[in-house]
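# Architecture at a glance
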Amino acid sequence: MRKSIARALVHSKQTVPHFYTTVDLRIDALMDLRKGMNASGEGAKISVNDVLIRACGVALGQHPGVNVHVSDSGVTLFENADVAVAVAIDGGLITPVLRNVGGRGLRDIAAGAADLAARARSRELTAEELKGGTFTLSNLGMFGVREFDAIINPPQGAILAVGGPRREAVERPDGGVGFATMISAALSADHRAIDGALAAQFLATLKGLVEDPMRLLQ
């Protein structure tokens, strides 16, 4: 497994022109929505990562130029956002794929992500569940990481790296100072297919969805 990971990542770093853009996301409203939905006791428990997966799916639908595969023969755009979610397992890392996350509800995504993660750790995933991702989300927030830059998983055109929550002082509309819960999200993009302006537009859409998460319930 380590040899396979090493080959893929070395090839990516050596042949893909990475560039990085980072945005800070305020997640107080997201945390409140998650808490309220989980308190109902209905369906699968929703994590912050599940909400981020859903937000990525919706943002990719609005910016299909980020939802791509890149090869020497050209760029392939995809209608559905099939998001690969990085899962740490003994001896390495695996990225099972959640299909069409832009068209699925939060509880459906939560149940699917929990199932894939559990079967990834028990080595029960099928080959089909590991293929065909159009975008990857990697979250190290649970390990106390503030932010990081991830390596693109070819032939995908981009990967989003998310750090853990922190409390920061922010200016209120009345000019006073309050505190907010923030996370940093860094997009690594393949410059052969994605330009800086498109990366920034995608992150702006993602930020709007995360900071107004009721839009993710539509």
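Check the entry above for the structure.
What comes next concerns the included structure. (Residues numbered from 1 in each chain as written. Predicted model: local features only at pLDDT ≥ 70, side-chain atom pairs only at ≥ 80, totals over all residues. Heavy atoms only, no water.)

This part is about the overall build of the protein. Counting secondary structure elements, the protein contains 5 helices and 11 strands. By the compact-globule yardstick of 17 Å for 218 residues, the protein fits well, its C-alpha radius of gyration being 17 Å. Taken along the three principal axes of its C-alpha coordinates, the protein extends 55 × 40 × 30 Å. When contacts within the protein are restricted to residue pairs at least 6 apart in sequence, long-range pairs at least 24 apart make up 65% of them. Accessible area of the protein: about 10700 Å², with a carbon and sulfur share of 54%. Each charge class in the protein can be summarised by its mean position, and for the 23 positive and 23 negative side chains these summaries are 5 Å apart. (Helix = DSSP H or I, 4+ residues; strand = E, 2+ residues; numbered from the N terminus. Rg over C-alpha atoms; globule rule 2.2 N^0.38 Å. Contact = heavy atoms within 4.5 Å. Areas by Shrake-Rupley, 256 points an atom, 1.4 Å probe, with all protein chains shown as cover. Lys, Arg positive; Asp, Glu negative; His and termini not counted. Charge placed at Lys NZ, Arg CZ, Asp CG, Glu CD.)

Our focus in this paragraph is the packing of aromatic side chains. This model, assessed by the stated rule, comprises 1 aromatic pair. Taken together, a centroid distance of 5.7 Å and an interplanar angle of 55° make the contact between Phe135 and Phe202 tilted. Of this pair, Phe135 sits in strand β8 (residues 135–139) while Phe202 is found in helix α5 (residues 196–211), placing the two residues 67 residues apart along the sequence. Across the pair, Phe202 and Phe135 agree in class, each one buried. (Phe/Tyr/Trp six-rings, centres within 6.5 Å; stacked < 30°, edge-to-face > 60°. Buried < 20%, exposed > 50% of the residue type's maximum accessible area, 1.4 Å probe, protein only.)

A few words now on helix α3 (residues 48–62). The end-to-end C-alpha distance of α3, which contains 15 residues, comes to 21 Å, matching closely the 21 Å that a straight helix rising 1.5 Å per residue would cover. In terms of residue burial, α3 counts as a mostly covered element, since 12 of its 15 residues are buried. (Expected span 1.5 Å × (residues − 1).)

A few words on the side chain of Asp50. Along the chain, Asp50 falls in helix α3. Of the side chains bearing the opposite charge, Arg34 lies closest to the buried Asp50, which forms no salt bridge; the N-O distance is 6.8 Å. Side-chain polar atoms of Asp50 contact the backbone nitrogen of Ser47, separated by 2.9 Å. Apart from residues lying up to four places away in sequence, Asp50 is in contact with Lys45, Leu106, Ile109, Ala110 and Ala113. (Salt bridge = Lys/Arg side-chain N within 4 Å of Asp/Glu carboxyl O. Polar contact = N/O pair within 3.5 Å; in protein donor to acceptor, adjacent residues only side chain to side chain.)

Take unusual backbone geometry next. A cis amide bond, omega 5°, links Pro154 with the succeeding residue Pro155. Following the sequence through the fold, Pro155 ends up in the loop between β8 and β9 (158–162). In the Ramachandran plot, Asn100 falls in the positive-phi region, its phi being about 50° despite a non-glycine side chain. Here Asn100 shows up in the loop between β7 (97–98) and α4 (106–121). Judged by its relative accessible area of 30%, Asn100 is partly exposed. The backbone of Arg123 sits at a positive phi, close to 60°, despite the residue not being glycine. If you trace the backbone, Arg123 turns up in the loop between α4 and β8.

Looking now at the nonpolar core. Membership of the largest hydrophobic core comes to 52 residues, with the highest contact counts inside it found for Phe135 and Leu160. With 8 residues, α3 is the single largest residue contributor to this core. Phe148, Ala150, Ile159 and Ala161 belong to the second largest nonpolar core, which has 6 residues in total. (Core = buried A, V, L, I, M, F, W, Y, C linked by side-chain atoms within 4.5 Å.)

Take it as geometry only, folks, not as evidence of what the structure does.
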